[in-house]
Amino acid sequence: MLTILIGAHLVLAVAAPGLTRLLGHRAFLFAAVLPAVAFGWLVAQAPLVLAGGVLSETTTWIPALRVELSFHLGLVQWLLALVVTGIGAVVLWYCRWYFAAEAPHPRVVGLLTAFCAAMIGLVTADDLILLYVFWEATTVFSYLLIGHDPTRRANRSAALTALIVTTTGGLAMLVGLIALGQAAGTNSLSAIVAAPPSGALVVLATPLILAGALSKSALVPFHFWLPGAMAAPTPISAYLHAAAMVKAG
């Protein structure tokens, strides 16, 4: 079901320009339905998750590299996914009126929906490499959302600064994730948590992964990109930097 929800968000993101031409500002309301449905599905999983159960999905992706489309929904993942989908639905709904005085924004509708998909994938990914793919997807989508108005120099500059800082931290994290996977003999996060590895590779991996987390969450010494990124419209800043992406770090 998680794979279907993420795929549905991505399909809707691709269809957003056409929907915006057809529905105008009401396209935001249409797009808000999907994260709302995802939120409702997550609420329905509450009895299982709160009782200590988990939902897992695994599909082979790149077998030669041991990379899988693997998702794990435990208590922590469930809580973060509720934040992503619940606030995502509210933000898309609010955008209908926030942007009412301007021409419809097909890019904003599509990018917010795609960002929601990337965040759902990020908080539920159970494969180290898959986690990194979604991690960097949020970076790219946030760059495009912050700089959604190319005529404003403040937006362009803030978007580029955020991209450089978070991508650099993400590359460091990728090296750390690969080292951690090699040390553990598996890319499965749940397996690594169940049987934590040790050794020199883990010592190397820890600060590299931490660098990625600190850069994404805008903590010292990577804090300087966040204030400028608030040049984005209010609902975008609220979703990316208060509710979702920074929380991922």
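So, here is what we can say about the structure in this document. (Residues numbered from 1 in each chain as written. Predicted model: local features only at pLDDT ≥ 70, side-chain atom pairs only at ≥ 80, totals over all residues. Heavy atoms only, no water.)

**Comments concerning the overall build of the protein**
- Scanning the protein from N- to C-terminus turns up 11 helices and two strands.
- Counted from the first residue to the last, the protein has its helices and strands arranged as α-α-α-β-β-α-α-α-α-α-α-α-α.
- For the protein, the C-alpha radius of gyration of 18 Å lies close to 18 Å, the compact-globule estimate for 249 residues.
- Overall, the C-alpha framework of the protein stretches about 60 × 40 × 30 Å when taken along its three principal axes.
- In the protein, which comprises 249 residues, the proportion classed as buried is 49%. (Helix = DSSP H or I, 4+ residues; strand = E, 2+ residues; numbered from the N terminus. Rg over C-alpha atoms; globule rule 2.2 N^0.38 Å. Buried < 20%, exposed > 50% of the residue type's maximum accessible area, 1.4 Å probe, protein only.)

**So, the environment of G176**
- Mapped onto the secondary structure, G176 falls in helix α7 (residues 153-184).
- G176 gets classed as buried once you look at its relative accessible area, which sits at 0%.
- C-alpha separation for the pair G176 and I209, spaced 33 residues apart in sequence, amounts to 5.2 Å.
- Those residues in contact with G176 that sit more than four places away from it in its chain are A205, L208 and I209. (Contact = heavy atoms within 4.5 Å.)

**Here we look at the packing of aromatic side chains**
- Across all of its chains, the model carries six aromatic pairs by this definition.
- Look at F28 and F99: their rings are 5.7 Å apart centre to centre, the planes differ by 15 degrees, and that puts the pair in the stacked class. Within this pair, whereas F28 is found in helix α2 (residues 26-44), its partner F99 is found in the loop between α4 (75-98) and α5 (106-124), the two being separated by 71 residues in sequence. Here F28 and F99 have matching classes, each one buried.
- Through pairs of rings, three or more aromatic residues link up here, namely F28, Y94, Y98 and F99.
- Positioned above the aromatic ring of W97 is the side chain of R96, whose terminal nitrogen or guanidinium carbon lies 5.3 Å from the ring centre. (Phe/Tyr/Trp six-rings, centres within 6.5 Å; stacked < 30°, edge-to-face > 60°. Lys NZ or Arg CZ within 6 Å of the ring centre and 35° of its normal.)

**Concerning helix α9 (residues 200-216)**
- The terminal C-alpha atoms of α9, which comprises 17 residues, lie 25 Å apart, in line with the 24 Å expected from a rise of 1.5 Å per residue.
- If you check which residues of α9 are buried, you get V202, A205, A211, G212, A213, S215 and K216.
- Just beyond α9, the residue with positive phi is A218, at close to 60 degrees. (Expected span 1.5 Å × (residues − 1).)

**So, the layout of surface pockets**
- By volume, the largest pocket is sized at about 640 Å³.
- For the lining of the largest pocket, the elements supplying multiple residues, two or more each, are α4, α5, α6 (128-146), α7, α8 (189-194), α9 and α11 (234-248).
- No other element matches the five residues that α9 contributes to the lining of the largest pocket.
- Residues of the lining of the largest pocket, tallied by class, amount to 19 nonpolar, six polar and two charged. (1 Å grid on protein atoms, 1.4 Å probe; cavity = no way out; pocket = protein on both sides within 12 Å on 5 of 7 lines; lining within 4 Å. Points joined across faces, edges and corners; volume = space filled by probe spheres on them. Nonpolar A, V, L, I, M, F, W, Y, C, P; charged D, E, K, R; others polar.)

**Some details on the pairing of strand β2 (residues 67-73)**
- Here β2 lies mainly inside the structure; five of its seven residues are buried.
- Pairing of strand β1 (residues 55-62) with β2 involves seven bridges; the strand directions are antiparallel. Across the sheet, the residue bridging to T58 is S70, located in β2.
- Hairpin connection from β1 to β2: four residues lie between these consecutive antiparallel strands, with R66 at a positive phi of about 60 degrees. (Pairing = 2+ DSSP bridges.)

**Things to note about the packing of helix α1 (residues 2-23) against α2**
- Two elements in contact, α1 and α2, have axes separated by 8 Å at closest approach and are oriented at 170 degrees. Classified by the angle between their axes, α1 and α2 sit roughly antiparallel to one another. Of the residues in α2, those in contact with L2, L5, A8, H9, L12, L19, T20 and L23 of α1 are R26, A27, F30, A31, L34, P35, A38 and W41.
- The residue makeup of the contact of α1 with α2, split by class, is 13 nonpolar, two polar and one charged. (Axes fitted to C-alpha atoms, helices over the stretch in contact; angles between N-to-C directions. Parallel < 35°, antiparallel > 145°, perpendicular 65-115°, else oblique.)

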